[in-house]
Amino acid sequence: MSTYRDLTAPIGSRRAPVLRTVGTRERRSHLTAPRVPTVGIDIGGTKVMAGVVDADGNILEKLRAETPDKSKSPKVVEDTIVELVLDLSDRHDVHAVGIGAAGWVDADRNRVLFAPHLSWRNEPLRDRLSGRLSVPVLVDNDANTAAWAEWRFGAGRGEDHLVMITLGTGIGGAILEDGQVKRGKYGVAGEFGHMQVVPGGHRCPCGNRGCWEQYSSGNALVREARELAAADSPVAFGIIEHVKGNIADISGPMITELAREGDAMCTELLQDIGQWLGVGIANLAAALDPSCFVVGGGVSAADDLLIGPARDAFKRHLTGRGYRPEARIVRAQLGPEAGMVGAADLARLVARRFRRAKRRRVERYERYERYAEVRRTIREAL
């Protein structure tokens, strides 16, 4: 028999058994997940993007909010997430919320252990948000959610063994095998950008030198262009003229645009970035042997200016080349919304258990109401 204490327990504590089923639900096939709308959240350093996504990966509605005053405070970012979810819930029947966070997420997918662009250090993000929202919350690394989206709906469809590489300011990554994201023992697998490729090389913000992302990322691309411009190199004349001498205005998208227009220096810089990308992919192929590498992130917008040199370098550096099958290297298809779509789809895996648990709570409440009505009738009869 249900008691009053059962019915008045805090929502977060009543939902805890539901949240503990996250791992179990993901081990089940996504094909058995309920075809219900869920919300995906993509958290950046200065913005939060939220969208309602259906079971086929279609975005039904999308909202974007700058964090107030570009604050990096965990509480401010959490408030922004809650406001966006509640706003979307006014117009959609939301069954779960998935969050892709740019940082290290623990194996239980509860805490953000470290986020380079936010002040999150061992932050219990899932528990905090679960206490404020009336649906289950799932938290994962943003590269994992992007990889899941590409595997389900994008360039990785049909692949059993897939590696995702996200090229942005740095390099992120994710591993999928047989329909499961491989997160490692402690949840932080896939940090490919911090593999050391040049001992004693460029200093990385992580504290080490020679990390892969110091040679193949948006930051590396911009750094090289600015150094050539600052040295007043003749090959940088075009980009110097484009920014009217304001070297700090040089950006990755600008370099890509000029390369498409035929600027020789910008084309060469993208080739350099692509070659380093291919070297790193060859190393990953030796270790992981996937069937497909999906390259996403903002820098991937350069398309064949980047992917072409990467494929060439991959073939030159692949261990056992000529005597083994070669993985495909393809550009991601879902663009900047991949992380949001993947987070929403992963959240769908926990939605069914939540619906069942919610139904049981309703049934317990109805039983309690019947029990209370009987007691009132007995007292009136006496």
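Note that this is a predicted model, so its numbers are computed, not measured. Starting from 1, residues in each chain are numbered consecutively following that chain's sequence as written. Selection of residues for local features in this predicted model requires a pLDDT of at least 70, selection of side-chain atom pairs for listing and counting requires 80 or more, and totals for whole chains, interfaces and linings are taken over all residues. Side-chain metrics rest on all non-hydrogen atoms present in the structure, leaving aside hydrogens and water.

Undergrad: Could you give an account of the overall build of the chain, with specific residues and numbers?
TA: Helix and strand counts for the chain stand at twelve helices and 13 strands. Any pair of residues with heavy atoms lying within 4.5 Å of one another is described as a contacting pair. Across the chain, contacts joining residues at least 24 apart in sequence account for 65% of those joining residues at least 6 apart. With the model as given, the accessible surface of the chain reaches about 18200 Å², and the carbon-plus-sulfur share is 50%. Under the scheme used here, helices are H or I runs from DSSP no shorter than 4 residues and strands are E runs no shorter than 2 residues, and both carry numbers assigned from the N terminus. A 1.4 Å probe and the Shrake-Rupley method give the accessible areas. Residues count as covered only by the protein chains that appear here.

Undergrad: An account of the packing of aromatic side chains is needed here, citing residue identities and associated values.
TA: Two rings from Phe, Tyr or Trp (for Trp, the six-membered ring) form a pair when their centres are within 6.5 Å of each other. A pair whose planes differ by under 30 degrees is stacked, one over 60 is edge-to-face, and the rest are tilted. Scanning the entire structure with this criterion turns up four aromatic pairs. Ring geometry for Tyr215 against Trp276: centres 5.0 Å apart, planes inclined by 40°, an arrangement best described as tilted. With Tyr215 in the loop between strand E11 (180–181) and helix H7 (218–230) and Trp276 in helix H10 (residues 264–288), this residue pair connects regions lying 61 residues apart in the sequence. A relative accessible area of 12% means that Tyr215 is categorised as buried. Accessible area is worked out with a 1.4 Å probe on protein chains only. A residue is then buried under 20% of its type maximum, exposed over 50%, and partly exposed in between.

Undergrad: How would you summarise helix H6 (residues 142–153) if you had to cite specific residues and measurements?
TA: Along its twelve residues, H6 runs 16 Å from first to last C-alpha, staying within 8% of the 16 Å computed at 1.5 Å per residue. A large share of H6 lies buried, amounting to eleven of its twelve residues. Of all the positions in H6, only Ala143, Asn144, Thr145, Ala146, Ala147, Trp148, Ala149, Glu150, Trp151, Arg152 and Phe153 are classed as buried. Two N or O atoms count as a polar contact when they lie within 3.5 Å, although within protein this holds only if one can serve as hydrogen donor and the other as acceptor, and sequence-adjacent residues are included solely when both atoms are side-chain atoms. Sitting at the head of H6, Asn141 places a side-chain oxygen 2.8 Å from the backbone nitrogen of Ala143. A helix is expected to span 1.5 Å for every residue after the first.

Undergrad: Help me get a handle on the sheet that holds strand E5 (residues 104–105), residues and values and all.
TA: Whether two strands pair depends on DSSP finding at least two bridges between them. Taken together, three strands build an open sheet; the order of strands is E5-E6-E7 and the sheet is antiparallel. Single-partner strands in this sheet number two, and they are E5 and strand E7 (121–123). Where E5 lies against strand E6 (residues 112–114), two bridges are found, and the strand directions are antiparallel. By the bridge assignment, Val105 is partnered in E6 with Val112.

Undergrad: Run through the environment of Gly168, naming residues and quoting values.
TA: Residue placement: Gly168 occurs in the loop between strand E9 (161–167) and strand E10 (171–177). Classification of Gly168 by relative accessible area gives partly exposed; the value is 25%. Distance in space between the C-alpha atoms of Gly168 and Ser217 is 5.9 Å, their sequence separation being 49 residues. Beyond its immediate chain neighbours, meaning those up to four positions away, Gly168 contacts Ser217, Gly218, Asn219 and Val299.

Undergrad: Could you give an account of the pattern of salt bridges, naming the residues involved and the relevant values?
TA: Salt bridge, as used here: a side-chain nitrogen of Lys or Arg that lies within 4 Å of a carboxyl oxygen of Asp or Glu. Within this structure, the stated rule accounts for 17 salt bridges. A salt bridge links Arg64 to Glu66, with the shortest nitrogen-to-oxygen separation between them at 3.6 Å. Among the residues examined, Arg64 registers a relative accessible area of 54% and is labelled exposed. When its relative accessible area of 40% is taken as the criterion, Glu66 is described as partly exposed. Residues joined in a network through salt bridges with shared partners are Glu61, Asp87 and Arg91.

Undergrad: Now, about the sheet that holds strand E13 (residues 328–331): what can you tell me, with residues and values included?
TA: Ordered in space as E11-E10-E9-E12-E13, the five strands form an open sheet in which the pairing is mixed. Both edges of this open sheet fall to E11 and E13, since each of them pairs with a single strand only. The pairing of E9 with E10 spans seven bridges and is classified as antiparallel. Along E10, the bridge assignment pairs Val163 with Ile175. Together, E9, strand E12 (292–296) and E13 form the strand contacts of helix H11 (residues 304–317), whose direction differs from that of E13 by roughly 170°. What counts as an axis is a line fitted to C-alpha atoms, over the stretch in contact for a helix, and the angles between N-to-C directions run from 0 to 180 degrees.

Undergrad: Describe H11, and please don't skip the residues or the numbers.
TA: Under the 1.5 Å per step criterion, the end-to-end length of H11 is 19 Å for 14 residues, consistent within 8% with the ideal 20 Å. Buried within H11 we find Leu306, Ile307, Pro309, Ala310, Ala313 and Phe314. Looking down the long axis of H11, one finds its buried residues gathered within 165° of arc, a one-sided arrangement. Each element contacted by the buried residues of H11 is listed here: E9, H10, E12 and E13. Regarding the arc, it is the one traced by the directions from the helix axis to the C-beta atoms.

Undergrad: Report on a nonpolar patch on the surface, specifying residues and quantitative values.
TA: On the surface, Trp104, Leu113 and Phe114 cluster together into a nonpolar patch covering about 250 Å² of accessible area. Among the secondary structure elements, Leu113 is positioned in strand E6. Each patch is built from residues lacking any salt bridge and having more than 30% relative accessible area; the joining distance is 9 Å for like charges and 5 Å for nonpolar side chains (Val, Leu, Ile, Met, Phe, Trp, Tyr).

Undergrad: Can you explain the packing of H10 against H11? Please cite residues and give values.
TA: One can describe the packing of H10 onto H11 by two numbers: an axis separation of 6 Å at closest approach and a directional angle of 40°. It follows that H10 is oblique to H11 by the angle criterion. Pair H10 / H11 crosses with right-handed handedness. Here Thr267, Leu270, Gln271, Ile273, Gly274, Gln275, Leu277, Gly278, Val279, Ile281, Ala282 and Ala285 of H10 lie close against H11, whose contacting residues are Leu305, Leu306, Pro309, Ala310, Ala313, Phe314, Arg316 and His317. Residue composition of the contact of H10 with H11, by class: 13 nonpolar, six polar and one charged. Angles are sorted into four bins: roughly parallel if under 35 degrees, roughly antiparallel if over 145, roughly perpendicular if 65 to 115, and oblique for all others. Here a crossing is taken to be left-handed if its near helix is turned anticlockwise relative to the far helix by less than a right angle, and right-handed if that turn runs clockwise. Classification used: nonpolar for Ala, Val, Leu, Ile, Met, Phe, Trp, Tyr, Cys and Pro, charged for Asp, Glu, Lys and Arg, polar for all others including Gly.

Undergrad: A description of the pairing of strand E1 (residues 38–43) should follow, citing residues and the corresponding values.
TA: Counting buried residues along E1, six of its six residues qualify, which places the element largely inside the surrounding structure. Of the two faces of E1, the one holding Thr38, Gly40 and Asp42 and the one holding Val39, Ile41 and Ile43 are both buried throughout. Pairing of E1 with strand E2 (residues 47–53) involves six bridges; the strand directions are antiparallel. Across the sheet, the residue bridging to Thr38 is Val53, located in E2. In terms of strand pairing, E1 meets strand E4 (residues 97–101) through five bridges, oriented parallel. For Asp42, the partnering residue across the bridge sits in E4 and is Gly100.

Function cannot be read off these values alone, since they describe shape.
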